[in-house]
Amino acid sequence: MKYLFLILFFVLQYICITSQSESIKKRELNFELYSSSNFSVGSTHLPLNFFRKSYFGGFINEKDKGNTKSVNKIQRNGLELDINIGIKIFNPDNLNGWYFSFQNLITAGISYRQGLFDLIFRGNNNIKNDVLLSKTSFHFRNHQLLHFGKFYKKFSFGLALGNILQEFNGKFGDNDLIGLSDPYNWDIALSPKIELIENTSNIIKKNGNSLGLDIKYNDISKSNKFKYSLEIRNLGLILLHKNIKKMNYDTSFMYSGLALDELSDISNFSNDLTNNFEPKIINKNQWLVTPFTIKADVLYQLEKIGVLGGVFYRNNSQYLPMSYLGINYKSHTKIIYGTKLYYGGYNHLQWGINAIYNSKKIKGEIGFQNFFSLIPSLGTSFGLLLKLSWEII
């Protein structure tokens, strides 16, 4: 990461020299400061009360566990926190320039079959079939990214340099299962693969770095009514350095509960279990594909009414590709109100609302991804989006 600061230093020096040269020609540079924050938590089957009580404490009743579905139905839970702060530096013609931004991305996700959730939170009384683990996977990551590049009126291109603070990934094998034909003797077959990269105390030197590409294209029709954009962000590779913790197992056994002596001395049983699943430290570099995002948006804007739609996807995150369709209404020359229907991500159907303020120098947006989240017992997701930009002349 220390090389990032050197690159940023030389780039800023170049811009300063360029701006001084342009000022001699009595030209002015325009700047735009911008920030965006996106926080969301969601589930395909669990109400928000489940997460609230799990985190803050409280009794989780049967209603908090969601509706009972097919044991083989794949469910998803996830959390996202995406914070961006940046600056755009426009050339005198205001058609192109340079951009620099800092991003802190924190995401967590898990996918599993409904039967596994029922086994853990409801017991095995009503489960007659095997609980399949083949679609069980999870992740947690904390990445810091520096984005910089060149933008034009319709196109932008840049690089994303990243520090990998934390990266946890886990996946079970295709044949993994928990056999429940006998309710008192479980046949368990496991072959999970788990990798962990933890943070270090060194501010600059981390256990992993990444390099990705940022590409965006946007255009507008001659009538100024139809707009569209396509954006790919942080498409590249992650290099994990040494100190990678790995847990790879291929085992099968029969579980029939704990003996009385194990119940009376649970600490020894816990230590034996921990020792059997102790992670191994791998001192080899490893390459991964970045959790890149793909986003596409379209807008057909009339005088006061606009129709919009789009898709969004995040790689390697247990993320179902999300699509949306919505309308907006321009009630004032500076204010736009909108509503959207979302499907996908870490949720199913969501109803979102948002408001946009747009003046000559200041632009702002606030949005709620799921209106039903205002009722925690009904909503299965919560999302909040905040955007702000300020143009300095």
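So, how was this worked out
Residues numbered from 1 in each chain as written. Predicted model: local features only at pLDDT ≥ 70, side-chain atom pairs only at ≥ 80, totals over all residues. Heavy atoms only, no water. Buried < 20%, exposed > 50% of the residue type's maximum accessible area, 1.4 Å probe, protein only. Helix = DSSP H or I, 4+ residues; strand = E, 2+ residues; numbered from the N terminus. Contact = heavy atoms within 4.5 Å. Phe/Tyr/Trp six-rings, centres within 6.5 Å; stacked < 30°, edge-to-face > 60°. Lys NZ or Arg CZ within 6 Å of the ring centre and 35° of its normal. Pairing = 2+ DSSP bridges.

Considerations on helix H3 (residues 114-121)
- In terms of residue burial, H3 counts as a mostly covered element, since six of its eight residues are buried.
- Along H3, the residues classified as buried are Gln114, Gly115, Leu116, Phe117, Asp118 and Leu119.
- The inward-facing, buried residues of H3 abut helix H2 (48-56), strand S2 (74-90), strand S3 (97-113), strand S4 (131-132), strand S7 (177-182) and strand S8 (185-190).
- Note on H3: the residue one or two positions beyond its end, Gly123, has a positive phi of about 85°.

Thoughts on the packing of aromatic side chains
- In this structure the tally under the stated criterion is 14 aromatic pairs.
- Where Phe226 meets Tyr228, the ring centres are 5.8 Å apart and the plane angle is 40°; that geometry is what we call tilted.
- Each member of the aromatic cluster is reached from another via a ring pair, and the members are Phe50, Phe51, Tyr112, Phe117 and Phe121.
- If you follow Lys88 out to its NZ or CZ, it ends over the ring of Phe151, 5.5 Å from the centre.

Remarks on the pairing of strand S1 (residues 30-43)
- When S1 meets S2, the two strands line up antiparallel, connected through 14 bridges. Bridge assignment links Phe31 to a residue of S2, and that residue is Ile89.
- Where S1 lies against strand S22 (residues 381-392), 12 bridges are found, and the strand directions are antiparallel. Of the residues in S22, the one forming a bridge with Ser35 is Leu388.

Details of the environment of Val307
- Tracing the backbone shows Val307 in strand S17 (residues 305-314).
- The class of Val307 is partly exposed, set by a relative accessible area of 42%.
- Separated by 81 residues in sequence, Val307 and Phe226 place their C-alpha atoms 9.7 Å apart.
- Val307 has contacts with Val298, Leu299, Tyr300, Gly326 and Ile327, leaving out every residue within four places of it along the chain.

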